[in-house]
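# Examination of the molecular architecture
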Amino acid sequence: MATSARRGPYFCGIDAAMDVVAGKWKSLILWELHHHRTRRFAELRRGLPGVSEKMLIQHLREMEEDGLVHREVYREVPPKVEYSLTEHGVSLNAALATLGEWGTERIQRIGAEKVSVEAVGSGAPHPRRST
């Protein structure tokens, strides 16, 4: 595992945790890998409508450096690369579960639209992320 440039100093544990999950797509990458276990790059990109290739690559590299994501490269033609969560990534996802529950309650409380996973997977535009 590469050494990450993000090493503090931190004010508290939340500061250190947010340093690792900061970025629009990281929590959604964690969610996608949690639900599908292993994903190839193109599968991740399809599962996250609106993410650019550059941003997905950047976030995956940072998450790999932080020990959250494992990148497996298969020596074949064309090259095959798969991403999965490490134990550290699984534990972070578990820690974020309560935040997800809070968010679900907020969606209900404010009457916000919630897009189904099936609709997003079918190519329907995601209202919050479309540009």
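Residues numbered from 1 in each chain as written. Predicted model: local features only at pLDDT ≥ 70, side-chain atom pairs only at ≥ 80, totals over all residues. Heavy atoms only, no water.

### Examining the confidence of the model for the chain
Considering every residue of the chain, the mean pLDDT works out to 86; 84% of them sit at 70 or more. Within the model, pLDDT remains below 50 along residues 124-131, and this stretch shows 10 contacts once partners closer than five positions in the same chain are excluded. (pLDDT = per-residue confidence, 0-100. Contact = heavy atoms within 4.5 Å.)

### Focus: the packing of helix α2 (residues 26-36) against helix α5 (residues 87-110)
The contact between α2 and α5 brings their axes to 10 Å, and the two run at 110°. The angle between the axes of α2 and α5 places the two elements in the roughly perpendicular class. In this structure, α2 uses Leu30, Trp31 and His34 to contact α5, whose residues at the interface are Gly89, Leu92, Asn93 and Leu96. When the residues that make up the contact of α2 with α5 are grouped by side-chain class, the tally is 4 nonpolar, 3 polar and no charged. (Axes fitted to C-alpha atoms, helices over the stretch in contact; angles between N-to-C directions. Helix = DSSP H or I, 4+ residues; strand = E, 2+ residues; numbered from the N terminus. Parallel < 35°, antiparallel > 145°, perpendicular 65-115°, else oblique. Nonpolar A, V, L, I, M, F, W, Y, C, P; charged D, E, K, R; others polar.)

### Describing the nonpolar core
In this structure, Ile29, Leu33, Leu56, Leu60, Val69 and Tyr83 are the most contacted members of the largest nonpolar core, which totals 17 residues. Every element with two or more residues in this core is listed here: α2, α4 (53-65) and β3 (80-85). Not counting residues up to four positions away in its chain, the partners in contact with Ile29 are Leu48, Leu56, His59, Leu60 and Met63. (Core = buried A, V, L, I, M, F, W, Y, C linked by side-chain atoms within 4.5 Å. Buried < 20%, exposed > 50% of the residue type's maximum accessible area, 1.4 Å probe, protein only.)

### Focus on α5
One turn of the α-helix equals 3.6 residues, which is why residues spaced by three or four share an orientation. Counted at 1.5 Å a residue, the expected span for α5 with its 24 residues is 34 Å, and the 35 Å between its end C-alpha atoms agrees. Along its length, α5 reaches its greatest deviation from straightness, about 35°, at Ala97. Here α5 has its buried residues at Gly89, Leu92 and Asn93. Packing partners of the buried residues in α5 comprise α1 (13-21), α2 and β3. (Expected span 1.5 Å × (residues − 1). Bend = angle between axes of the 7 residues up to and from the residue.)

### Some thoughts on unusual backbone geometry
Omega for the bond connecting Val77 with Pro78 falls within 30 degrees of zero, at -5°, which places this linkage in the cis form. Tracing the backbone through its elements, the reader meets Pro78 in the loop between β2 (69-74) and β3. A positive phi angle is found at Arg37, which is not glycine, with a value near 65°.

### Notes on the environment of Lys26
Mapped onto the secondary structure, Lys26 falls in helix α2. Owing to a relative accessible area of 1%, Lys26 belongs among the buried residues under this scheme. Between the C-alpha atom of Lys26 and that of Leu56, which follows or precedes it by 30 residues, the distance is 8.7 Å. Here Ala22 takes part through its backbone oxygen, which lies 3.5 Å from a polar atom of the side chain of Lys26. In terms of polar contacts, Lys26 uses its side chain to reach the side chain of Glu62, at 2.6 Å. (Polar contact = N/O pair within 3.5 Å; in protein donor to acceptor, adjacent residues only side chain to side chain.)

### Section: the packing of aromatic side chains
Going through the model one piece at a time under the given rule, you end up with 0 aromatic pairs. Here Lys80 stacks its cationic end above the ring of Tyr74, 5.0 Å away from the centre of that ring. For Arg109, the ring lying beneath its charged end belongs to Trp102, and the centroid distance is 6.0 Å. (Phe/Tyr/Trp six-rings, centres within 6.5 Å; stacked < 30°, edge-to-face > 60°. Lys NZ or Arg CZ within 6 Å of the ring centre and 35° of its normal.)

### Looking at the environment of Gly67
Note that Gly67 resides in the loop between α4 and β2. Taking relative accessible area as the criterion, Gly67 reaches 11% and is therefore assigned buried. As for Gly67 and Thr86, which are separated by 19 residues in sequence, their C-alpha atoms are 6.8 Å apart.

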